[in-house]
Amino acid sequence: QVQLVESGGGLVQPGGSLRLSCAASGSIFRIYTMAWYRQIPGKQRDLVANIARGGNTNYADSVKGRFTISRDNAKNTVYLQMNSLRPEATAVYYCYCNASPGTVVGATFAFWGQGTQVTVSS
């Protein structure tokens, strides 16, 4: 199947920056939408940003102008550049993709990474 592995999380001071990466591997026919979600304990998982295969993007209002999502289709990788970080951005960030596995013809599935912790604190 398809596996997603996130990297780049950690501790950063308010106003600082982090860049998250997520690489997809396994038996992949084609990846369509890729996205980043985040979740605070006890809260629902919310969309941060998504990006279509052709590059169209959408952002949560809370991160517009400060976060940038991008992807490299040749590497099956999606990135999230996070600038001007605020304490309320502290959460576990999850990578998502909608994809057609190479072993399943004519169907798409949602795949999730295991998450990476981002903590914004002084």
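This write-up is about the structure you can find in this document. (Residues numbered from 1 in each chain as written. Predicted model: local features only at pLDDT ≥ 70, side-chain atom pairs only at ≥ 80, totals over all residues. Heavy atoms only, no water.)

**Remarks on the overall build of the chain**
When its secondary structure is counted, the chain shows 0 helices and 11 strands. Helices (α) and strands (β) of the chain occur, in sequence order from the N terminus, as β-β-β-β-β-β-β-β-β-β-β. Relative to a compact globule of 122 residues, whose C-alpha radius of gyration would be 14 Å, the chain shows 14 Å and is just as compact. Dimensions of the chain, computed from the C-alpha atoms along their principal axes, are close to 50 × 25 × 25 Å. For the chain, the proportion of its 122 residues judged to be buried stands at 39%. (Helix = DSSP H or I, 4+ residues; strand = E, 2+ residues; numbered from the N terminus. Rg over C-alpha atoms; globule rule 2.2 N^0.38 Å. Buried < 20%, exposed > 50% of the residue type's maximum accessible area, 1.4 Å probe, protein only.)

**A short note on the sheet that holds strand β3 (residues 18-26)**
Taken in spatial order, the 4 strands make up an open sheet running β1-β3-β8-β7, and their pairing is antiparallel. A single partner strand is all that each edge strand has here, and the edge strands are β1 (2-7) and β7 (67-72). Sheet twist, expressed as the mean angle between neighbouring strand axes with direction ignored, is 15°. (Pairing = 2+ DSSP bridges. Axes fitted to C-alpha atoms, helices over the stretch in contact; angles between N-to-C directions.)

**Observations concerning the pairing of strand β9 (residues 91-101)**
Burial of β9 is extensive: 10 of the 11 residues sit out of reach of the surface. Pairing geometry for strand β4 (residues 28-39) and β9, over 9 bridges, is antiparallel. Its bridge partner being in β9, arginine 38 is matched across the sheet by tyrosine 93. By the bridge criterion, 3 bridges tie β9 to strand β11 (residues 116-120) in an arrangement that is antiparallel. Across the sheet, alanine 91 pairs through a bridge with valine 118, a residue of β11.

**Some remarks on the nonpolar core**
Core analysis: the biggest nonpolar cluster contains 29 residues, and Trp36, Leu80 and Tyr93 have the highest contact counts within it. Sorting the residues of this core by element identifies β1, β3, β4, β5 (46-51), β7, β8 (77-82), β9 and β11 as the ones contributing at least two each. Of the residues forming this core, the biggest block, 5 residues, is contributed by β9. (Core = buried A, V, L, I, M, F, W, Y, C linked by side-chain atoms within 4.5 Å.)

**Some thoughts on unusual backbone geometry**
The phi torsion at asparagine 76 lies on the positive side, around 50°, for a residue other than glycine. Tracing the sequence through the fold places asparagine 76 in the loop between β7 and β8. On the basis of relative accessibility, which here comes to 23%, the residue asparagine 76 falls in the partly exposed class. Unlike most non-glycine residues, serine 84 shows phi in positive territory, near 50°.

**Concerning the packing of aromatic side chains**
Inspection of the entire model under this criterion finds 3 aromatic pairs. Through pairs of rings, three or more aromatic residues link up here, namely Tyr37, Tyr96 and Trp112. One Lys or Arg, arginine 19, reaches over the ring of tyrosine 79 and ends 4.1 Å from the middle of that ring. One cation-aromatic arrangement involves arginine 45 over tryptophan 112; the distance from NZ or CZ to the ring centre is 4.8 Å. (Phe/Tyr/Trp six-rings, centres within 6.5 Å; stacked < 30°, edge-to-face > 60°. Lys NZ or Arg CZ within 6 Å of the ring centre and 35° of its normal.)

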